[in-house]
Structures are given as C-alpha cells and as structure tokens.
Amino acid sequence: MTGWAMALFRRDLRLSVRIGGSAIVGVLFFLAVVTVFPFGVGPDLNLLARIGPAILWIGALLATLLGLDRLFQADREDGTLDLMLMAGRPLELVVLIKCLAHWLSTGLPLVVAAPLFSVFLNLDPVAMAAVTATLLVGTPALTLIGAIGASLTVSLRRGGLLLAVLVVPLTVPILIFGVSSADAAIHDPVPFMTPFLILCALTLIAAVVGPIASAAALRFAAD
Amino acid sequence: MDLGPHAGFIIASYGLCLLTVLALIAWVRIDKANQERALKELADQGISRARPDQGRN
Amino acid sequence: MAFWDYANPTRFLKLVQVLLPWLVGLCVATFAIGLYMAFFTAPEDYQQGDTIRIMYIHVPSAWLCMMCYTVMSISSIGTLVWKHPLADVSAKSAAPIGAAFTFMALVTGSLWGKPMWGTYWEWDARMTSVLVLLIMYLGLMALWRTMDDPIKAGKAAAVLTLVGALNLPIIKFSVDWWNTLHQPASVVRLDGPTIHSSQLWPLLVMALAFTLLFFVLHLMAMRNEVLRRRVRALRMRAASVSRPATASASAQPAE
C-alpha cells in the first residue's frame, strides 16, 4: 500500500475508534436486536436455533446500516471530503480505503460478537462457525453497498433513514445467500460451499460496484 | 355476464387498477394546472421567459 | 440526429402538443378493444375459470413495471454520459408511473392468488422480486423529493438507478434460489408453459394498451416536469432581480 493510502487508512481507523466509539455502539445495538427477537417470537429454544442464523444476519444488517450515515458525512462537514476530491488521488480507491477502515471498526466487531450471541440463540458449534464465517465474508459487502447510499445522501441533513430505505433492496441477495449458507451447514439441503461461494462472489462484485458508484455520486454531489 | 364464483376478485382487481390509473391521471392533470397557474402568476408580475438580450419565447 | 433536436425543452413541449392527442386516442381505442376481448371473446380457462381474466391486466402491468425501469435506466445513462437535458426529466417522471404499475401488478397478483393459491400473499419468487422493485421505486422517489436542486438530484438518482439495474438480475436470481430452497415446487404456476391463441391475443392487445398508457402518462408527466423547472428558474431569476445589489448578475441565463 502506498504512503497516502496507508495514512488515510490509519486516520479513518483512529477517528472511528476514538471519537464516539461507534464500534462499541454497533455491537451494543446488535446485542439489543438479538435480545429483542426472543421477546417477539417466544423463548422456544428449538425455534430460536432454527431461525438463529437469520436473527444474527438481520441484526448485523441493521447494525451496519445504522453506522453508515457517518461514513462520509463527518468528512463533508469539516471540508475534508473536498480536499480528498481535489487531491487528485483516485476517488474510487479513497472510498475503498474508507470502507475498509469503516468495516474494521464497525463490521469486524459484529463478526467477533456473533459467536457469543449465538449462544443465546441455542446454536450448535457447527452453526456458530458457519454463521461467523458467512458474516466475515458478507459484512464487507454490506459496508461497500451501503457506501453507495451514504454518498448519495451525504448532502442531506437527515439522510440516515432514507439511506436505509435505499440500501436495503440492494442487500437482499447478500442476506439470502448469507442465511442460506449458514442454514446449509446446519441441515443440509445443499452443500455449504455452494451458497458460500456465491456469497463470496457477491462481496467481490460489491467491492467493484460499490466504490465506483459511490465515487461517482460523491463527485456529482460536490460540483 | 357471469364471471363465475370468483367474480368479486375479478371486479376488485379491475376496479383497483382503474382507480390507480385514475389517480395517475388526476396527479398529472392537477400538477399541470398547478405549474401553469404558477407560470401565469409569474407572467402577471412581468416575469416571463422573454429575455431582453435574446428573442427566444 | 432527431433525438438531439428535442434536447430543447420548448421544442419538446411543441412535439408533445402534437403527439399527445393521437396517442391518447390510440390508447383509448386499444383499451376498448382489449377489454372487449378480455371479457367477451376470450374463453374461460378450463382450470382457473373466469379468474384467468385477471391475467389480462396482471401480466401487462408486471411487464410494464419492468419496462419502466428499463426506460429509467436508459434515461440515467443519458443523464450521466450524454448529459441530455431531458434525460433526468424522463427518469424523474417515470418513477411514480413505474411505482403505480408495480403496485397494480402486486394487487392484481394477490387478488388472483387468493382464489388460486388460497392466500392473498405467497412468498413466491416473482411476487417477492416485484415487491423489492416497488421498494426501489419508492426509494428513488424519496431521493428525488429530498433534494431540491433538480440537477444534483437527477445525477444522484441516476447513479442509484444504474446500481439498481445492475442489481435487479442478481436479486431475481437470489430470490429464485431462496424460493426453491424454502418451498419445493408446490405452488400452482400462474401461467402455464402453453397459452392458447384465444387467450394470447387479448393479452397482447392489453399489453399494447398498457404500453400506450405508459407513454401517454410519461409524456404528460415530462411536460409537467419541464414546466416545473421553468417555474423554478423564473422564480430564482425574479428573486435575483428583486435584489438591487445583484441586479447586474441577472442577465445570465437562469435555466
């Protein structure tokens, strides 16, 4: 990684860890969602074990969406975004690095917390490992797709809710393949690897489409 | 005309489609009236598209 | 190229003025023929009885909701690549119409589903994809509404439309996958592989009528949008003229 990219990466990571502690809040929100589900569907452990992967995935999706609106907004407010636009570096790469830093500080904690929370949902070790693996592969895609929504709503004062509405339809495939590969590991209608590899492919597609579309939207918002 | 045992569903679906289309038409018509009124108000105030430097209407 | 001649909004309005009465007449006539065929000449289905008549509005509206997204995607390319001044007008005015057709497809589908499947809503692959499409239309409309600068809103919506267009096949594919995983082909398929010509002709005529309806509404909505931007530009010019300090700057084109 070249010097400027590393500097940007370190800066973003440091900001998100230091100020506001968004990583911890995201995990807390994840815990809250997982706790609320049994109140809704009842404390039936068999049922919870069956829908556990889905609960964890929906919790992770909501927690990711919640943190996304700050991805570019803070930088826009203090003018850093304009400097980044003028710096002449490829904006797609800037977006990719910012997403990586954002995922490390908000997405990775969710992945780390998932095995712990799956104990509440009566998941067996195999399911636990499968859900964690799918979240590890899938949450970067959520951040990358969410970056498109974040850059579209960057100039809006209260864009958080709109961002969620815009991004959710685009994340449907990731949710489907994330949950179905976790399900495939538990009771196998299909081998685990089939949906898992498609999930990997979706993440790679998101890594291309997300930064390109997001950079385009940021350029249009600036001029 | 006899539409069979499920006549209600057929009539309801055609009716709802008609309502939706009517709503679209109403939206387009009301919107047009609003814009034309705004243009007329502006023209009454002496603000129109005729520009002093170019003779486009 | 004739396409570029109508980049001028005034010329476009004139074209609409000429074209619209013909299109409206054609649309009404096609609807009359199509509805007559759907109710009087088309036979009832040996399996589904008279409920097959819902197909004559369900299938065209489902088709139109996808065609409308295609129109919006092409317009979005027009906005981003060629910066055609009418492209974002076209994309913006197509969105509510597309949402309405999607809504019609969902409503007629569920009203057809009740007598056929025994339930108003089946999480069937096609209905689920159409529901996701409806959310995308409504999200795009919300994005248009929240930004007051039409040029910026147009570009943002164009980016989102194109990302959605890339994503729609993936969504369709994943919903199909999800559907076969959860319910092994037990639902009655609404349209069989073969369709008799006595049912096909009314369907085609109705599809043509719906397409004409879309173009009529689209042209009318585009005309409204052009007028709306004209009002906005005039108001801004009026505001800048009324301020004496900046009066000298008002000579620049306000559009």
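None of these values were measured; they are calculated from a predicted model. (Residues numbered from 1 in each chain as written. Chains lettered and ligands numbered in written order. Predicted model: local features only at pLDDT ≥ 70, side-chain atom pairs only at ≥ 80, totals over all residues. Heavy atoms only, no water.)

Describing the overall build of chain B
Worth spelling out the cut-off: A helix here means a DSSP run of H or I that spans at least four residues, while a strand means a run of E at least two residues long, and both kinds are numbered starting from the N terminus. Each residue's exposure class comes from its accessible area (1.4 Å probe, protein chains only) as a fraction of the maximum for that residue type: buried when under 20%, exposed when over 50%, partly exposed otherwise. Exposure was quantified through the Shrake-Rupley algorithm and a 1.4 Å probe, taking into account, for residues, occlusion by the shown protein chains and nothing else.
From N to C terminus, chain B includes one helix and zero strands. When the 57 residues of chain B are sorted by exposure, 32% land in the buried category. Accessible surface, chain B: about 3700 Å² in total, of which carbon and sulfur atoms supply 60%.

Considering the overall build of chain C
Selection rule: Residue contacts are counted whenever heavy atoms from the two residues lie within 4.5 Å of one another.
Within chain C, the secondary structure is distributed over seven helices and zero strands. When the elements of chain C are put in sequence order from the N terminus, they spell out α-α-α-α-α-α-α. Counting only residues that meet the buried cut, chain C has 56% of its 255 residues in that class. Contacts in chain C between residues far apart in sequence, at least 24 positions, make up 78% of those at least 6 positions apart. Here chain C has roughly 11900 Å² of accessible surface; of this, 69% comes from carbon and sulfur atoms.

Focus on the nonpolar core
This is how the line gets drawn: By nonpolar core we mean a set of buried residues, namely Ala, Val, Leu, Ile, Met, Phe, Trp, Tyr and Cys, connected to one another through side-chain atoms within 4.5 Å.
Of all hydrophobic cores here, the largest spans 155 residues; its most connected members are Phe72(A), Leu152(A), Phe101(C) and Leu143(C). Once residues within four sequence positions are removed from consideration, Leu152(A) is found in contact with Leu166(A), Ala217(A), Leu143(C), Met147(C), Ala156(C), Val159(C) and Leu160(C).

Quick notes on unusual backbone geometry
The phi dihedral of Asn122(A) is positive, around 60°, even though this residue is not glycine. Tracing the backbone shows Asn122(A) in the loop between α6 (91-120) and α7 (125-152). Here the phi dihedral of Lys83(C) falls at roughly 55°; this positive angle occurs in a residue that is not glycine. Along the chain, Lys83(C) falls in the loop between α3 (55-82) and α4 (87-117). You can call Lys83(C) exposed: its relative accessible area is 54%.

A closer look at the interface of chain A and chain C
What counts is decided by this rule: Buried area: the sum, over both parts, of the accessible surface (1.4 Å probe) that disappears when the two are put together. Salt bridge, as used here, is a side-chain nitrogen of Lys or Arg placed within 4 Å of a carboxyl oxygen of Asp or Glu. Within 3.5 Å is the distance limit for a polar contact, defined as a pair of N or O atoms, with the added protein rule that one can donate a hydrogen and the other accept it, and that residues adjacent in sequence qualify only through two side-chain atoms. All residues other than Ala, Val, Leu, Ile, Met, Phe, Trp, Tyr, Cys, Pro, Asp, Glu, Lys and Arg, Gly among them, are scored as polar; the first ten of these are nonpolar and the last four charged.
In this complex, chain A contributes 28 residues to the contact, which on the side of chain C involves 27 residues. Of all residues in chain A, the largest losses of buried area upon contact with chain C belong to Leu152(A), Leu170(A) and Phe220(A), amounting jointly to 25% of the total for that side. At the boundary of chain A with chain C, the tally comes to zero salt bridges. The interface formed by chain A and chain C holds two residue pairs in polar contact (both at pLDDT 80 or more) in total. Of all elements in the fold, only α7, α8 (160-186) and α9 (193-222) of chain A reach the threshold of two or more residues within the side of chain A that touches chain C. It is α9(A) that contributes the most residues to the side of chain A that touches chain C, 11 residues altogether. Looking at the side of chain A that touches chain C, its residues break down into 24 nonpolar, three polar and one charged.

Points about the packing of helix α4 (residues 70-77) of chain A against α6(A)
All names here are of chain A. The cut-off we apply is this: A fitted line through C-alpha atoms serves as each axis, taken over the contacting stretch for helices, and the angle formed by two N-to-C directions is quoted from 0 to 180°.
As a packed pair, α4 and α6 sit with axes 10 Å apart at the nearest point and diverge in direction by 115°. Contact with α4, carried on its side by Leu71, Phe72 and Asp75, involves Val95, Lys98, Cys99 and His102 of α6 and no other residues of that element. Of the residues in the contact of α4 with α6, the class split is four nonpolar, one polar and two charged.

With respect to the confidence of the model for chain B
Keep this limit in mind: pLDDT runs from 0 to 100 and stands for how confident the predictor is about each residue.
Summing up the model confidence of chain B, the mean pLDDT is 81 and the portion of residues at 70 or higher is 81%. Confidence over residues 52-57 of chain B falls short of pLDDT 50; this stretch has seven contacts with residues more than four positions distant or in other chains.

Structural notes on the interface of chain B and chain C
Listed by partner, the interface residues are 34 residues for chain B and 40 residues for chain C. When the two sides are added together, the surface that chain B and chain C hide from each other amounts to roughly 3500 Å², 74% of it contributed by carbon and sulfur. Summed over the shared surface of chain B and chain C, the result is one salt bridge. Taking the shortest distance from any N to any O, the salt bridge between Arg228(C) and Asp31(B) comes out at 3.0 Å. At the boundary of chain B and chain C, one finds three residue pairs in polar contact (both at pLDDT 80 or more). Here the residues of the side of chain B that touches chain C sort into 18 nonpolar, seven polar and nine charged.

A few points about the state of the cysteines
Under the convention used in this document: Any pair of cysteine sulfurs within 2.5 Å is marked as a disulfide.
Scanning all chains against the criterion turns up zero disulfides over all chains. Free of any disulfide, Cys27(C) has its nearest neighbouring cysteine sulfur in Cys17(B), separated by 14 Å. With a relative accessible area of 6%, Cys27(C) lands in the buried category.

Some points on the environment of Leu31(A)
Residues and elements named next belong to chain A. Tracing the backbone through its elements, the reader meets Leu31 in helix α2 (residues 22-41). In this structure the C-alpha to C-alpha distance between Leu31 and Ala213, which are 182 residues apart in sequence, comes to 32 Å. Apart from residues lying up to four places away in sequence, Leu31 is in contact with Phe117 and Phe120.

Details of a nonpolar patch on the surface
Quick reminder of the rule: Patch membership requires over 30% relative accessible area and the absence of a salt bridge. Like charges are linked within 9 Å, and nonpolar side chains (Val, Leu, Ile, Met, Phe, Trp, Tyr) within 5 Å.
A cluster of nonpolar residues, Leu16(B), Leu18(B), Leu19(B), Leu22(B) and Ile25(B), forms a patch on the protein surface that exposes about 440 Å² of accessible area. Along the chain, the position of Leu22(B) falls in helix α1 (residues 7-44).

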